[in-house]
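# Topology and contacts: notes
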Amino acid sequence: MARKKKMSTGKKVGITALAAVIVIGGVAGYATLGKKSTTSNVLNEYLPVDMTTQDLSQMTDSYAFEVAANVQQGLLSRTSSGAPKAGLAKSWSHSKDGLTWTFHLRKGLKWSNGDPLTASDFVYAWQRTVNPKTASQYAYIYSGIKNADAINSGKDKDLSSLGIKAKNKTTLVVTLEHPMPQFQNLMAFPVFFAQDKKFESSLGSKVGTSSSKQVYDGPYKFVGWNGSNKKFKLVPNKNYWDAKAVKNKGVNFQVITDPTAALALYNKGELDQVTLSTPQQIKKYKNSKNFKIYNQSQTDYLEYNQTGKVKGLTNTKIRQALNLATDRKSISQSVSEGLDSAATGITPAGLALTSTGGDFAKAADKATAYAYNIKKAKKLFAEGMKEAGLKKLALTIEGSSDSTVTKSTLDTLQQSWSELPGLTVKEKLVPFKQRLLDQENHNFDVVLAAWGADYAEPLTFLNMFVTDSANNDGKWSNKQYDTLINNASDKDALSDTKRTADEIKAEKTLYDDSAVNPVFWVNAATLSNSKVKGVQYFSSGASYYFWNAYRSKK
């Protein structure tokens, strides 16, 4: 879970990411090396970075989404395999052309503070998110819903023209501008959840800045977070419509940035799971029967500042040279004992299938040729420097200091990039929160970022780089690319063959122009408590559902 899950390149769900569980048919089970285990029916989890927000319109990272997916619920939820199922809506249907969707809410829904939850709460939430005054980083994901783009761009000042209407207290009607294959999946994604206007109206920008400045409609309530502390909880929400289905007494969270400390707490039985997030840990435990690996649907990539503020980076040949000077295989080996994969595109392997049933990433690889070639890189760099009128160039690569893999990645990049004639490379390590802010404000030369899938379709990655995307931090712009993504999202949306062709061409355009630099695809390595059963894990969207989990005696 991640802006669209802007991830720390060292999160809890993967070898270099944020995974806490092992997927078995979509349901996570835990394996243990712990010497003692807790006996209460409360789960013990951790985050490797600080919590950011619980404002559903403002959250951008997977940690915030992880909590939100458990303390809130959408119109739809997900089965253990990730398929849509009823959530706050008990039933739903759509027109034959796929443009009109009707949702029927359950009767008697309440917020955790007792306020009634009605269809108008979804209307308010969606309007608030697309309102340009809110400045939501995730407003772009509403594209395809009637008038969402026009409202968010400021062209349409009428929020009520957004394609969502409350027919009555329990009936919602959503109108799309074109068919959206991912629409049902999005209804289980936190950015589309309801918000309590009555509660939020007096808070302004303070919404979600602490656990008490938010109300909840999901299985749990979020408690104990003051906006900066390191320990907080999820506790059962008695006002949740299906409160009896919650199989545990809550989830304890603590922020642990040191992977060695996290592993030590796990071995003491004080955590129910731990991510093996350093090469040393992976090497030590990779032969254990409790060691598991699974696809994380995350790409760690480099983004170049192409706003014009950084000399040289607007030159295509210089960017191509930097891509060619990137030793992806060595980097993936150094950060994860080779368990992560060198990226061959921005869309990771295992996320989506082509129209013929093959893996999309493998099909796209035939149209791209990401490779390490320092000889060719030096030649292109010299040509690019001449075209840009430069004799020397200094670049700083920024990354997250609270990531366990950033330093080794940046060290390898610095070593290989410094071979380019006239280039000086520096490293800058900042906390995850600061790295996100620097990206959003275009305050970087080159940044090591990470992106996790919101839904199982290549557009969840490819949408990032259209010209007007709020997530296009480098401000690269290409009309052909914009057209391809627009076609895949609109006129070709319901044709698997045409949509796949558009998306492969888009991957090739990113490669040809060296718009960004995909470095590696993240896999997850974890050790977990075998007595904790039923945690549900998803490689796209928000990562975990905890409410069906319980601690067994065996």
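Residues numbered from 1 in each chain as written. Predicted model: local features only at pLDDT ≥ 70, side-chain atom pairs only at ≥ 80, totals over all residues. Heavy atoms only, no water.

### Notes on the packing of aromatic side chains
Note the cut-off: Here a pair means two rings of Phe, Tyr or Trp (six-membered ring of Trp) with centres within 6.5 Å. Their orientation is stacked below 30 degrees between planes, edge-to-face above 60, and tilted elsewhere. Runs of H or I in DSSP of at least four residues are treated as helices and runs of E of at least two as strands, each being numbered from the N terminus. The cut-offs for exposure are 20% and 50% of the maximum accessible area for each residue type, with area from a 1.4 Å probe on protein chains only; residues under the lower value are buried, those over the upper are exposed, and the others partly exposed. Placement of a positive charge over a ring is assigned whenever Lys NZ or Arg CZ falls within 6 Å of the ring centre and within 35 degrees of the normal to the ring plane.
Within this structure, the stated rule accounts for 22 aromatic pairs. Centre to centre, the rings of F65 and Y138 are 5.3 Å apart; their planes meet at 90 degrees, and the pair counts as edge-to-face. Of this pair, F65 sits in helix α1 (residues 62–71) while Y138 sits in the loop between α2 (119–130) and α3 (148–152), placing them 73 residues apart in sequence. When sorted by exposure, F65 lands in the same class as Y138, which is buried. In textbook terms, an aromatic cluster arises when at least three aromatic residues are bridged by ring pairs, as seen for F222, W225, F232, F253, Y537, Y544 and F546. The side chain of R78 reaches across the aromatic face of F538, ending 3.8 Å from its centre. Over the ring of W241 we find R106; its NZ or CZ atom is 3.5 Å from the centre of that ring.

### Regarding the pattern of salt bridges
We count it as follows: A carboxyl oxygen of Asp or Glu within 4 Å of a side-chain nitrogen of Lys or Arg is what we treat as a salt bridge.
Evaluation of the coordinates by the stated rule reveals 15 salt bridges. Notably, a salt bridge pairs R128 with D55, separated by 2.8 Å at the nearest N-O pair. Here the residue R128 occupies a position in helix α2, and D55 occupies one in the loop between β4 (43–47) and α1, the gap between them amounting to 73 residues. When sorted by exposure, R128 lands in the same class as D55, which is buried. The partner of K508 in a salt bridge is D512, with the nearest N and O atoms 2.8 Å apart. Pair noted here: K508 and D512 are both in helix α16 (residues 496–512), with a separation of four residues, about one helical turn.

### Overview of the sheet that holds strand β7 (residues 89–94)
Selection criterion: Strands are labelled as partners when DSSP assigns at least two bridges between them. Here an axis means a line fitted to C-alpha atoms, over the contact stretch when the element is a helix, while the angle between two N-to-C directions is reported on a 0 to 180 degree scale. Here, two residues are considered to be in contact whenever any of their heavy atoms come within 4.5 Å of each other.
On the basis of which strands lie adjacent, the open sheet formed by four strands has the order β7-β8-β10-β9 and antiparallel pairing. The open sheet has two free edges, formed respectively by β7 and β9 (164–168), since each of these has just one partner strand. On average, each strand axis in the sheet is tilted by 20 degrees relative to the strand beside it, whichever way the strands run. Sitting on the sheet, α2 touches β8 (100–105), β9 and β10 (171–175), and the angle it makes with β9 is about 165 degrees.

### Digging into the side chain of T347
Just so we agree on the cut-off: Polar contact criterion, stated in full: a pair of N or O atoms within 3.5 Å, where within protein one must be able to donate a hydrogen and the other to accept it, and residues adjacent in sequence count only if both atoms are side-chain atoms.
Mapped onto the elements, T347 comes out in the loop between β16 (341–342) and α10 (360–365). On the basis of relative accessibility, which here comes to 2%, the residue T347 falls in the buried class. Of note is the side chain of T347, whose polar atom sits 2.8 Å from the side chain of E507.

### Remarks on the pairing of strand β18 (residues 423–430)
Regular strands place their side chains on alternate faces of the sheet. As paired elements, strand β17 (residues 393–400) and β18 share eight bridges and run parallel to each other. Across the sheet, the residue bridging to I397 is E427, located in β18.

### A look at the environment of V274
Within the secondary structure, V274 is located in strand β14 (residues 273–275). With 63 residues separating them in the primary sequence, V274 and S211 have C-alpha atoms 25 Å apart. Discounting chain neighbours no more than four positions away, the residues touching V274 are Y46, A262, L263, Y266, A525, T526 and L527.

### Here's the deal with helix α13 (residues 432–440)
Helical periodicity: at 3.6 residues per turn, an α-helix aligns residues three or four positions apart in one direction. Our working rule: As used here, the arc is the angular range of directions from the helix axis to the C-beta atoms.
Listed as buried for α13 are F432, R435, L436, D438 and Q439. For α13, the buried positions fall inside an angular range of 165 degrees around the axis, keeping them on one side. Residues of α13 that are buried make contact with α1, β15 (292–304), β17, β18 and β19 (446–452). Of the residues one or two after α13, H442 is the one with positive phi, at around 60 degrees.

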